[in-house]
Protein chains: 2
Amino acid sequence: MNRSEGISVICTVDVVLLTLHGGQLCVVLLKRERPPFQGALALPGGYIHPEQDQDAVDAAARVLLDKTGLASPYLEQLATFSGPGRDPRGWSVSIAYYALVPQELLRRDTTAAQVLPVEGLPVLPFDHGRMVAAAVARVRSKSQYSSLPVHLCPERFTLPQLQAVYEAVLGEPINKVSFRRKVEELDVLEPLPGELEQGRANRPAQLYRLRPQYRRSLSLLERGIGARS
Amino acid sequence: MNRSEGISVICTVDVVLLTLHGGQLCVVLLKRERPPFQGALALPGGYIHPEQDQDAVDAAARVLLDKTGLASPYLEQLATFSGPGRDPRGWSVSIAYYALVPQELLRRDTTAAQVLPVEGLPVLPFDHGRMVAAAVARVRSKSQYSSLPVHLCPERFTLPQLQAVYEAVLGEPINKVSFRRKVEELDVLEPLPGELEQGRANRPAQLYRLRPQYRRSLSLLERGIGARS
DNA sequence: CGAATAGTGTCTGTTAGACATTATCGA
DNA sequence: TCGATAATGTCTAACAGACACTATTCG
């Protein structure tokens with residue numbers, strides 16, 4: 001086991017950046033500026049820079065900032081993909097992360113970014129298709145028993161809006177009474193006193209925001225947020 | 001972003017091999033034969049060998065076979081650990097896996113292996129302590145709603161034995177009636193017709209085995225295996 | 001037969017979902 | 001006042017845990 005064996009492995013990070021658009025879970029893809037797959041749509045990604053990155057998550061955050069301008073979204077390690085065939089440059093390892101951003105934060109830079117629904121994506125280069133599938137599965141799974149989808153909402157939002165986000169992610173309707181019981185149980189939201197969503201021809205909804213201490217962490221439930229009706 | 005940036009990263013795999021011993025969840029540690037940390041107890045691990053490994057999980061299985069003789073236990077990716085400080089040889093990436101084996105399969109080679117309870121471990125080299133903690137958390141979490149602990153049982157086992165395994169992993173007693181209902185719901189076991197556990201001064205228990213199609217996969221529950229009495 | 005544990009039937013408190021009712025806005 | 005949706009009260013069915021009872025072995 002000599003040292004040279006470690007040297008020929010290419011080390012990169014890729015980020016599956018997810019958002020909600022038109023009631024659908026979407027992924028942000030960028031047009032690749034360099035080979036391989038120059039010009040193709042792919043996940044934002046890049047080499048680890050050992051001289052500046054303290055960690056792979058650092059590299060993922062740097063890549064995300066450089067390529068999309070997003071500063072500090074919810075970012076979590078997904079899985080690591082590896083093998084001789086996934087990158088034409090050689091045996092490679094890519095540590096994949098997923099990030100969630102509210103739709104509003106994306107508006108700013110629409111440079112070469114495409115926001116596409118995760119269902120019915122075109123074939124993606126490398127194994128980015130598998131990465132997206134893994135990220136979607138992870139987000140769906142975690143959304144069943146945690147506050148994860150809150151990170152797809154803007155800073156201030158109503159409970160009906162949040163329920164619609166959960167329903168879009170899970171792909172099925174949720175019972176309103178159960179949903180509200182579970183959100184209360186999660187205990188991650190605080191109402192903004194006196195702030196109501198105005199302007200519609202019905203009773204205005206209370207606005208909430210995520211409690212600051214949950215900006216980077218999740219709250220979990222034992223029994224899961226029920227689906228159906 | 002030139003190609004040289006990928007070259008200085010060391011790529012390894014490590015395996016958190018877990019088993020049950022004396023009613024406690026234990027990890028298998030080996031005495032390191034080479035520097036760094038020569039002579040210290042650490043997780044089985046090693047470099048990725050790009051010329052022979054088709055994937056990181058291949059590398060993990062190879063390392064496990066080479067160092068412990070275990071052929072094909074339940075093996076799953078855990079997380080990837082990285083950074084400049086975790087390995088004194090330089091900026092490194094280690095893709096960590098966890099494996100579960102029944103106690104019986106370990107007996108064969110007790111060469112330089114130590115089986116230690118996961119609670120109260122000594123300080124481990126690299127970030128192996130964090131890896132063990134992450135693996136234990138993952139196994140506890142998955143055991144709440146899946147058939148994962150079955151892989152800690154021998155090939156033939158009784159339901160009371162399986163319940164004891166769940167209780168050891170989760171660290172709390174489980175209601176017998178609920179547990180049996182849940183195991184039936186999981187639908188991963190089949191009784192061995194006519195085979196009972198003999199030799200004790202009570203009613204003999206039915207022997208079961210894992211259905212072959214679940215050798216490498218898990219069955220999940222929506223509501224979780226209840227804990228408490 | 002008695003001790004011990006396997007395995008099952010059944011009761012009850014808790015929880016999730018269905019439904020109904022009230023509240024509050026704009027038009 | 002009406003239409004629409006928010007927010008909440010309440011009923012019911014499903015489920016988990018508690019308890020008790022039967023089954024089957026050894027000594």
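Throughout this document, residue positions are counted from 1 along each chain, in the order its sequence is written. Chains carry letters from A onward and ligands carry numbers from 1 onward, assigned in written order. Only residues with pLDDT of at least 70 are given local features in this predicted model, and only at 80 or more are side-chain atom pairs given and counted; all residues enter the totals for whole chains, interfaces and linings. Only heavy atoms go into the side-chain values, all of them from the structure, while hydrogens and water stay out.

(A) Just the overall build of chain A, in detail. What chain A contains, in helices and strands, is six helices and ten strands. Its C-alpha atoms give chain A a radius of gyration of 19 Å, near enough to 17 Å, the size a compact globule of 229 residues would have. Its C-alpha atoms put chain A at 65 × 40 × 35 Å along the principal axes. Here the term buried applies to any residue with accessible area under 20% of the maximum for its type, exposed to any over 50%, and partly exposed to those in between, with areas from a 1.4 Å probe on protein chains only. Evaluated residue by residue, chain A yields a buried proportion of 52% over its 229 residues. Contacts are assigned to residue pairs that have any heavy atoms within 4.5 Å of one another. For chain A, the share of sequence-separated contacts (at least 6 apart) that also reach a separation of at least 24 residues comes to 66%. As displayed, chain A offers around 11,100 Å² of accessible surface, 50% of which is attributable to carbon and sulfur atoms. Charged side chains of chain A number 27 positive and 24 negative; the gap between the two group centres comes to 4 Å. Only DSSP runs of H or I reaching four residues or more are called helices, and only runs of E reaching two or more are called strands; each is numbered from the N terminus. As a reference, a globule follows 2.2 Å times the number of residues to the power 0.38, and the radius of gyration itself is taken over C-alpha atoms. Under the convention used here, a 1.4 Å probe and the Shrake-Rupley method define accessible areas, while residue burial counts only the protein chains that appear. Counting rule applied: Lys, Arg positive; Asp, Glu negative; His and chain ends not counted. The atom standing in for a charge is NZ when the residue is Lys, CZ when it is Arg, CG when it is Asp and CD when it is Glu.

(B) Representation of the sheet that holds strand β9 (residues 189-196) of chain A within the structure. Residue and element names in this part refer to chain A. In space, the three strands of this open sheet follow the order β8-β10-β9, with antiparallel pairing throughout. Two strands close off the open sheet at either side, each with one partner strand: β8 (157-158) and β9. Two strands qualify as a pair provided DSSP detects at least 2 bridges between them. Here β8 pairs with strand β10 (residues 206-210) via two bridges, running antiparallel. Directly across from Phe157, in β10, lies its bridge partner Tyr208.

(C) Representation of the domain arrangement of chain A in the model. Residue and element names in this part refer to chain A. The domain limits used here are those given by an automatic or database domain assignment. With domains assigned, chain A is organised as domain 1 (8-142) and domain 2 (147-214). In this structure, domain 1 and domain 2 have C-alpha centres spaced 28 Å apart. Taken together, the contacts link 15 residues of domain 1 with nine residues of domain 2. Buried area is a sum: the accessible area each of two parts loses on coming together, probed at 1.4 Å, counted once for each and added. Contact between domain 1 and domain 2 buries roughly 1,100 Å² in total, counting both sides, with carbon and sulfur atoms accounting for 75%. Together, Leu20, Leu100 and Arg140 form the three largest contributors to the area buried by domain 1 at its contact with domain 2, with a combined 44%. Whenever a nitrogen or oxygen atom comes within 3.5 Å of another N or O atom, the pair is scored as a polar contact, on the condition that within protein one atom can donate a hydrogen and the other can accept it, and that pairs from neighbouring residues in sequence are kept only if both atoms are in side chains. Linking domain 1 with domain 2 are one residue pair in polar contact (both at pLDDT 80 or more), by the criterion used here. Among the elements of the structure, β1 (10-21), β6 (92-100), α3 (103-106) and α4 (128-143) are those that each provide at least two residues to the side of domain 1 that touches domain 2. Only Asp, Glu, Lys and Arg are considered charged, only Ala, Val, Leu, Ile, Met, Phe, Trp, Tyr, Cys and Pro nonpolar, and every remaining residue, Gly among them, polar. The class makeup of the residues in the side of domain 1 that touches domain 2 is nine nonpolar, three polar and three charged.

(D) A look at the environment of Thr80 of chain A. Here Thr80 of chain A shows up in strand β5 (residues 74-83). Filtering out sequence-adjacent residues up to four positions away, Thr80 of chain A remains in contact with Val93, Ser94 and Ile95 of chain A together with Gln77, Thr80 and Ile95 of chain B. A distance of 2.4 Å separates the side chain of Thr80 of chain A from the side chain of Thr80 of chain B, its partner in a polar contact.

(E) Representation of the sheet that holds strand β10 (residues 205-210) of chain B within the structure. Residue and element names in this part refer to chain B. Pairing is antiparallel across the open sheet formed by three strands, whose spatial order is β8-β10-β9. In this open sheet, the two edge strands, each paired with only one partner strand, are β8 (157-158) and β9 (189-197). With two bridges joining them, β8 and β10 adopt antiparallel strand pairing. Along β10, the bridge assignment pairs Phe157 with Tyr208.

(F) The environment of Glu119 of chain A, seen in detail. Residues and elements named next belong to chain A. With respect to the element layout, Glu119 can be found in the loop between β7 (113-117) and α4. Once the C-alpha coordinates of Glu119 and Gln24 are considered, the two residues, 95 residues apart in sequence, prove to be 8.8 Å apart. There is a polar contact of 3.2 Å between the side chain of Glu119 and the side chain of Arg140.

(G) Focus on the protein's contact with DNA strand D. In the vicinity of DNA strand D, 26 residues are found, and the nearest of them are Ala201, Asn202 and Gln206 of chain A together with Arg181 and Lys182 of chain B. At the protein interface, 61% of the atoms of DNA strand D within 4 Å belong to sugar or phosphate. Ala201 of chain B places a polar main-chain atom, nitrogen or oxygen, 3.2 Å from a base oxygen of DNA strand D. Within the backbone of Asn202 of chain B, a nitrogen or oxygen atom sits 2.9 Å from a base oxygen of DNA strand D. Counting residues per element, the ones that place at least two in the surface near DNA strand D are α6 (176-186) of chain A together with α5 (176-186) of chain B. Considering every element that reaches the surface near DNA strand D, the biggest residue donor is α5 of chain B, with four residues. Among the residues making up the surface near DNA strand D, the classes are represented as nine nonpolar, seven polar and ten charged. Here, proximity means that at least one heavy atom of the residue falls within 4 Å of the molecule or strand.

(H) Summary view of the nonpolar core. Residue and element names in this part refer to chain A. In terms of nonpolar packing, the biggest core is built from 47 residues, with Val16, Leu18, Tyr98, Leu162 and Leu189 touching the most fellow members. In terms of residue count, the dominant contributor to this core is helix α5 (residues 159-170) (seven residues). Residue contacts for Tyr98: discarding those within four places in its chain leaves Val16, Tyr74, Leu75, Glu76, Gln77, Leu78, Ala135, Arg138, Val139, Lys142 and Leu148. Buried Ala, Val, Leu, Ile, Met, Phe, Trp, Tyr and Cys residues form a nonpolar core when they are joined through side-chain atoms within 4.5 Å.

(I) How the structure looks around the pairing of strand β1 (residues 10-21) of chain B. Residue and element names in this part refer to chain B. For β1, the tally of buried residues reaches eleven of twelve residues, placing the bulk of the element in the interior. Of the pairings in the sheet, the one linking β1 to strand β6 (residues 92-100) comprises nine bridges and is parallel in character. By the bridge assignment, Val13 is partnered in β6 with Ile95. Two strands pair when backbone bridges link them, and β1 and strand β4 (residues 45-47) are joined in this way by three bridges, in the antiparallel orientation. Its bridge partner being in β4, Asp14 is matched across the sheet by Gly45. Direction of pairing for β1 relative to strand β2 (residues 24-31): antiparallel, over a ladder of four bridges. The residue of β2 that forms the bridge with Leu18 is Val27. Connecting β1 to the next strand, β2, in antiparallel fashion are two residues, including Gly22 with a positive phi near 60°.

(J) Fine view of the packing of α4 of chain A against α5 of chain A. Residues and elements named next belong to chain A. Angles run from 0 to 180 degrees between N-to-C directions of axes, and those axes are lines fitted to C-alpha atoms, restricted for helices to the stretch in contact. As a packed pair, α4 and α5 sit with axes 9 Å apart at the nearest point and diverge in direction by 135°. Taken together, α4 and α5 sit at an angle that is classed as oblique. Between α4 and α5 lies a crossing whose hand is left-handed. Residues Val139, Arg140 and Ser143 of α4 touch α5, and the partners they reach there are Tyr166, Val169 and Leu170. Put simply, angles under 35 degrees are roughly parallel, angles over 145 are roughly antiparallel, angles from 65 to 115 are roughly perpendicular, and the rest are oblique. Crossing handedness follows the turn of the near helix against the far one: under a right angle anticlockwise gives a left-handed crossing, and clockwise gives a right-handed one.

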